[in-house]
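Now for the letters of each chain:
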Amino acid sequence: IYPKTTNITYTTHQIDDPANIRDSLPTSTPIKAPTDIPTFSCASDERNFTFSITTDYYSNETEFFLYDDSFMIGSWDFASSERFEEYIFDYCLPIGRNYTLELTDTFGDGICCDAGYGTYYFAADDTVLFDSNANETFYFNITFIFTID
């Protein structure tokens, strides 16, 4: 049955010093949470897709949506989220399909830079597909269309 909601994980990581956010971003080593986070592995015909976002001062303005050609796979409204908090979402995505990732900001100031250095990136397995590098990349919304190989 698609989408596989059982293969979704969600973790958060508080950024201690928003001014030095780039020093706090994840590396290839997973973030260690206070308790063990359940891990999963994708089937051989899937790739692990990771979307990481660190909110800015106005986290309540931000949402993301992940679609394939037919379904909404995931979304998150950060309305009740903490400021300068990192959120990581993992999905097992079937190979060979087209996907759309959309980020929105209802106020139109994006997630960087006037209201703090929010940032985001997404990757398939260990390959980073896009990293905002704490740069301003959108105002009201941005859409990425990609294929998982």
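Scope of this entry: the structure provided in the associated data block.

At phenylalanine 84, a residue that is not glycine, the phi angle is positive and equals roughly 55°. Following the sequence through the fold, phenylalanine 84 ends up in the loop between β4 (72–77) and β5 (85–94). Residue phenylalanine 84 is classed as buried on the basis of its relative accessible area of 16%. Of note, aspartate 125 is a non-glycine position whose phi angle comes to about 50°, a positive value. Along the polypeptide, aspartate 125 turns up in the loop between β7 (119–124) and β8 (127–131).

The element strand β3 (residues 62–68) is largely enclosed, with a buried count of 5 among its 7 residues. As defined by bridge partners, β3 adjoins β4 across 5 bridges and the pair is classed as antiparallel. The partner of glutamate 63 across the bridge, within β4, is aspartate 77. Adjacent in sequence and paired antiparallel, β3 and β4 are bridged by 3 residues.

Considering the arrangement of structural elements, one finds threonine 106 in the loop between β6 (98–105) and β7. On the basis of relative accessible area, threonine 106 is assigned to the exposed category, the value being 57%. The sequence separation of threonine 106 and asparagine 141 amounts to 35 residues, and the corresponding C-alpha distance is 8.4 Å.

Taken as a whole and assessed by the stated rule, the structure comprises 21 aromatic pairs. With centroids separated by 5.2 Å and ring planes inclined at 65°, the aromatic side chains of phenylalanine 78 and tyrosine 87 adopt a geometry described as edge-to-face. According to the relative accessible area criterion, tyrosine 87 is buried, its value standing at 4%. Between the NZ or CZ atom of arginine 83 and the centre of the ring of tyrosine 57, over which it lies, the distance is 3.7 Å.

Summed over the entire model, instances satisfying the criterion amount to 1 disulfide. Note that cysteine 42 is cross-linked by a disulfide to cysteine 92, the S-S spacing being 2.2 Å. In this structure the cystine formed by cysteine 42 and cysteine 92 twists about its S-S bond by roughly -90°; its chirality is therefore left-handed. Note that cysteine 42 is positioned in the loop between α1 (21–24) and β2 (46–54) and cysteine 92 in strand β5, a separation of 50 residues in sequence.

This next bit is on the pattern of salt bridges. This model, assessed by the stated rule, comprises 2 salt bridges. Here aspartate 125 and arginine 47 are joined by a salt bridge, their closest N and O atoms 3.4 Å apart. Of this pair, aspartate 125 sits in the loop between β7 and β8 while arginine 47 sits in strand β2, and the two are 78 residues apart along the sequence. Of the residues examined, aspartate 125 reaches a relative accessible area of 38% and is grouped as partly exposed. Put simply, arginine 97 and aspartate 68 hold a salt bridge, and the shortest N to O gap is 3.3 Å. One end of the pair, arginine 97, is in the loop between β5 and β6; the other, aspartate 68, is in strand β3, with 29 residues separating them in the sequence. On the basis of relative accessibility, which here comes to 33%, the residue arginine 97 falls in the partly exposed class.

About the criteria used
Residues numbered from 1 in each chain as written. Predicted model: local features only at pLDDT ≥ 70, side-chain atom pairs only at ≥ 80, totals over all residues. Heavy atoms only, no water. Helix = DSSP H or I, 4+ residues; strand = E, 2+ residues; numbered from the N terminus. Buried < 20%, exposed > 50% of the residue type's maximum accessible area, 1.4 Å probe, protein only. Pairing = 2+ DSSP bridges. Phe/Tyr/Trp six-rings, centres within 6.5 Å; stacked < 30°, edge-to-face > 60°. Lys NZ or Arg CZ within 6 Å of the ring centre and 35° of its normal. Disulfide = S-S within 2.5 Å. Salt bridge = Lys/Arg side-chain N within 4 Å of Asp/Glu carboxyl O.

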